[in-house]
Structure formats: C-alpha cells, structure tokens
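# Tertiary structure, described
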Amino acid sequence: MSMAYEDYMRQLVQPMRDELARAGFRELRTSEEVEQFMEQVEGTTFVFINSVCGCAAGLARPAATQAVLRSEKKPDHLVTVFAGQDKEATAKMREYFVGYPPSSPSMALLKGKEIVHFIPREDIEFHSMEDVMENILAAFDQYCG
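Residues numbered from 1 in each chain as written. Predicted model: local features only at pLDDT ≥ 70, side-chain atom pairs only at ≥ 80, totals over all residues. Heavy atoms only, no water.

## Some points on the nonpolar core
To keep things clear, this is the line we draw: The criterion is simple. A nonpolar core is a set of buried Ala, Val, Leu, Ile, Met, Phe, Trp, Tyr and Cys residues joined through side-chain atoms within 4.5 Å. Only protein chains enter the accessibility calculation, which uses a 1.4 Å probe. A residue is then buried if its area is under 20% of the maximum for its type, exposed if over 50%, and partly exposed in between. Working definition: helices are DSSP H or I runs of at least four residues, strands are E runs of at least two. Numbering for both runs from the N terminus.
Judged by nonpolar contacts, the single largest core of 28 residues is most densely connected at Phe 25, Phe 46, Met 107, Ile 124, Ile 136 and Phe 140. Only strand E2 (44–50), helix H3 (54–70), strand E4 (106–111), strand E5 (114–119) and helix H5 (129–143) provide two or more residues apiece to this core. Counting 18 residues, the second-largest nonpolar core is a separate cluster that includes Val 34, Phe 37, Val 41 and Ile 49.

Right, here's the structure in full:
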C-alpha cells in the first residue's frame, strides 16, 4: 500500500480512536499489548472492537461511551482494538473470544478472561443507539461493581 493511503487512513480513523479514548478506553494497538493486558487482567473488562463502519459511528461508539458515562456500576477496565487498522491486535483479542465469531463492531464484557456478555454487530446494526446502550448498561449492572 502507498504511504499516501496509510497517511489518509491514519487521519481518517484518528477521531474514531479519540472518541473512545476521551471516554476512558485504553487502546491496545499491538498483539503484544493485548497479550500483556489479558495475561494479567483481573476484575471486569469492557472490550470494544472498533470499526470504521456507519453502525460503529452512529450506534456502537456513542452507545459504549454513553453507557460508561451514565453507569453507576462500571467495569474495572475499558480497552479497545481497531478492526481493519490494528489487525494483529484485533486478531489477538479475538483469540480470547472463544466460541464467538469475528464481528466488528462488537463489544464484550469479561470477568477475568471469560466472556460474560457479548454484543455482536447484528445486535448493533438496525437497533437504536438507546437500545444498544441499554444492552451494555444491563450487562454492567449484572456483572460489574
């Protein structure tokens, strides 16, 4: 790929990265960062698989950031990987999602390394932002705090 394309993509996705970072999500950009985080994680972790698609922009990211801001019960950790951008990090994170097919965007709530709640793309697309947020908030209420 050309450097112009790479530069364009970095500029294009930076606001999408920043949206989650402002809400407190830690970006894991390499497979080593994912592995290091996951091998020592304790408590609850909300993982957001980011994407450039419209349902990520209009539904998933706003639902996730609003849920984090509004919830009284919050996960101990908020992390994100970016599908299609940080490919190795995303592939490594998906190795921990045993039994769940790749989906982006998607969200997972983990206790330790075990998924206790998963929201695939089909539970985001064609739903309202409020419905997706309520799905996240219900999981936080059940498993966090």
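## Overview of the pattern of salt bridges
Note the following rule: The salt bridge definition used is simple: a Lys or Arg side-chain nitrogen within 4 Å of an Asp or Glu carboxyl oxygen.
The final tally for this structure, using the stated rule, is nine salt bridges. Across the pair Asp 86 and Arg 29 runs a salt bridge whose closest N-O atoms are separated by 3.5 Å. In this pair, Asp 86 is assigned in the loop between strand E3 (77–82) and helix H4 (87–95) and Arg 29 in the loop between strand E1 (26–27) and helix H2 (31–40), connecting sequence segments 57 residues apart. Glu 39 is the salt-bridge partner of Lys 113, the closest N and O atoms lying 3.4 Å from each other. Highlighted residues: Lys 113 in the loop between E4 and E5 and Glu 39 in helix H2, separated in sequence by 74 residues.

## Considerations on H3
Note the threshold: To estimate how far a helix should reach, multiply one less than its number of residues by 1.5 Å. What the bend at a residue measures is the angle between two axes, fitted to the seven residues ending there and to the seven starting there. For this analysis, residues touch if any pair of their heavy atoms sits within 4.5 Å.
In this model, H3 (17 residues) spans 23 Å end to end at C-alpha, consistent with the 24 Å of a helix rising 1.5 Å per residue. Helix geometry: H3 is bent most strongly at Ala 60, by close to 35 degrees, with proline Pro 62 lying one to four residues after it. Buried residues of H3: Cys 55, Ala 56, Leu 59, Ala 60, Arg 61, Pro 62, Ala 63, Ala 64, Thr 65, Ala 67 and Val 68, and no others. As for H3, its buried residues are in contact with helix H1 (3–22), E2, E3, E4 and H5.

## Here we look at the environment of Leu 137
With respect to the helices and strands, Leu 137 occurs in helix H5. Taking C-alpha positions, Leu 137 is 19 Å from Cys 55, a pair spaced 82 residues apart along the chain. Each residue touching Leu 137, except ones within four places of it in the same chain, is listed here: Ala 67 and Ser 71.

## Some details on the packing of aromatic side chains
Two aromatic rings are characterised by how far apart their centres lie and by the angle between their planes. Selection criterion: A pair of Phe, Tyr and Trp rings is counted when the ring centres sit within 6.5 Å of each other, with Trp represented by its six-membered ring. The angle between the planes then sorts it: under 30 degrees is stacked, over 60 is edge-to-face, the rest tilted.
Scanning the model with the defined rule gives five aromatic pairs in all. Ring geometry for Phe 25 against Phe 46: centres 5.9 Å apart, planes inclined by 50 degrees, an arrangement best described as tilted. One end of the pair, Phe 25, is in the loop between H1 and E1; the other, Phe 46, is in strand E2, and 21 residues separate them in sequence. Of the two residues, Phe 25 and Phe 46, neither departs from the other in class, the shared state being buried. Ring centres 5.1 Å apart and planes at 90 degrees place the aromatic pair Phe 46 and Phe 140 in the edge-to-face group. Note that Phe 46 is positioned in strand E2 and Phe 140 in helix H5, a separation of 94 residues in sequence. Considered together, Phe 46 and Phe 140 belong to a single accessibility category, that of buried residues. Through successive ring pairs, a cluster of aromatic residues spans Phe 25, Phe 46, Phe 48 and Phe 140.

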